[in-house]
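# Coordinate inspection notes
Now for the letters of each chain:
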Amino acid sequence: LIVLDLITSNSPILEWETLDLEGIEPFTLVLFQEGKLYQLRWNEIKKEAIVLDATQSHIWSSSTLYTDDAKEMRKNLFNNCKANNRFSKDAILNFHHSQIGDKEQSILMKRSYVETVSITSVEKNDSSIEMNYEDIIHSKKIEIKF
């Protein structure tokens, strides 16, 4: 509902400033608006909007799902891909299919009670937008071009 409130607003970043989040669990959202990239974070006490460098690549890992060591491992894998200039669409999708080390902490995560169920990618170029959705559980893929 919070995402819907933000994206249906004329200015999501202004909407963020006035949004009442009392009683809402902690979360992080990423927003790209008017050429600026924002990390919007709520920790149940404080709401913050951090402007990020939109020309750089970034990674986020769930604080409720991953240990600090696992988040660091995931960040290192990501930075290794970035350092090797492997940020094509296929390279990014391959990254999200990674099962390095412990399956409970890997990029493509699987635990007895929770697991990665889908991977979605969006690629925008000058003339089109392409969205790919992969249902990991049922081995189904959908591609939509706009």
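Residues numbered from 1 in each chain as written. Predicted model: local features only at pLDDT ≥ 70, side-chain atom pairs only at ≥ 80, totals over all residues. Heavy atoms only, no water.

### Comments concerning the confidence of the model for the chain
- Per-residue pLDDT for the chain has a mean of 89; in total, 99% of the residues score no lower than 70.
- No element of the chain has a lower mean pLDDT than helix 4 (residues 89-96), which averages 84, and none a higher one than strand 3 (residues 47-52), which averages 96. (pLDDT = per-residue confidence, 0-100. Helix = DSSP H or I, 4+ residues; strand = E, 2+ residues; numbered from the N terminus.)

### So, the sheet that holds strand 2 (residues 36-42)
- Sheet architecture is open: three strands sit in the order 1-2-3, paired in antiparallel fashion. Looking at strand neighbours, the two that pair on one side only are strand 1 (27-33) and strand 3, the edges of this open sheet. Pairwise comparison of adjacent strand axes, ignoring direction, gives a mean angle of 20° for this sheet.
- Pairing analysis gives six bridges linking strand 2 to strand 3, with the strands arranged antiparallel. Residue L37 lies in a different strand from strand 3, and its bridge partner there is L52. (Pairing = 2+ DSSP bridges. Axes fitted to C-alpha atoms, helices over the stretch in contact; angles between N-to-C directions.)

### Description of the environment of I13
- The residue I13 is located in helix 2 (residues 12-18) in this model.
- Each C-alpha atom, one on I13 and one on V122, is 22 Å from the other, the two residues being 109 residues apart in sequence.
- In this structure, I13 is in contact with L31, Q33, Y38, L40 and A49, ignoring residues within four places of it in sequence. (Contact = heavy atoms within 4.5 Å.)

### Digging into the packing of aromatic side chains
- With the rule as written, the count across this model stands at two aromatic pairs.
- With a centroid separation of 6.0 Å and an interplanar angle of 85°, the aromatic rings of W16 and F27 are classed as edge-to-face. Taken together, the residues W16 in helix 2 and F27 in strand 1 connect sequence positions 11 residues apart.
- Classification of F27 as buried rests on a relative accessible area of 17%.
- Their ring planes at 65° and their centres at 5.8 Å tell us that F78 and F95 sit as a pair that is edge-to-face. (Phe/Tyr/Trp six-rings, centres within 6.5 Å; stacked < 30°, edge-to-face > 60°. Buried < 20%, exposed > 50% of the residue type's maximum accessible area, 1.4 Å probe, protein only.)

### Side note on the sheet that holds strand 4 (residues 118-124)
- In space, the three strands of this open sheet follow the order 4-5-6, with antiparallel pairing throughout. Across the chains shown, the open sheet's two edge strands, defined by having one partner strand only, are strand 4 and strand 6 (140-145). This sheet shows a mean twist of 10° between the axes of neighbouring strands, independent of strand direction.
- In terms of strand pairing, strand 4 meets strand 5 (residues 129-135) through seven bridges, oriented antiparallel. Across the sheet, T120 pairs through a bridge with Y133, a residue of strand 5.
- Of the strands in this sheet, strand 4 and strand 5 are in contact with helix 4, which crosses strand 4 at around 160°.

### Side note on the pattern of salt bridges
- Counting across every chain of the model gives six salt bridges.
- A salt bridge links K145 to E130; the nearest nitrogen and oxygen atoms lie 3.9 Å apart. With K145 in strand 6 and E130 in strand 5, this residue pair connects regions lying 15 residues apart in the sequence.
- Linking K145 and E143 is a salt bridge whose minimum nitrogen-to-oxygen distance equals 3.8 Å.
- K145 gets classed as exposed once you look at its relative accessible area, which sits at 59%.
- Put simply, K89, E130, E143 and K145 are held in one network by salt bridges that share partners. (Salt bridge = Lys/Arg side-chain N within 4 Å of Asp/Glu carboxyl O.)

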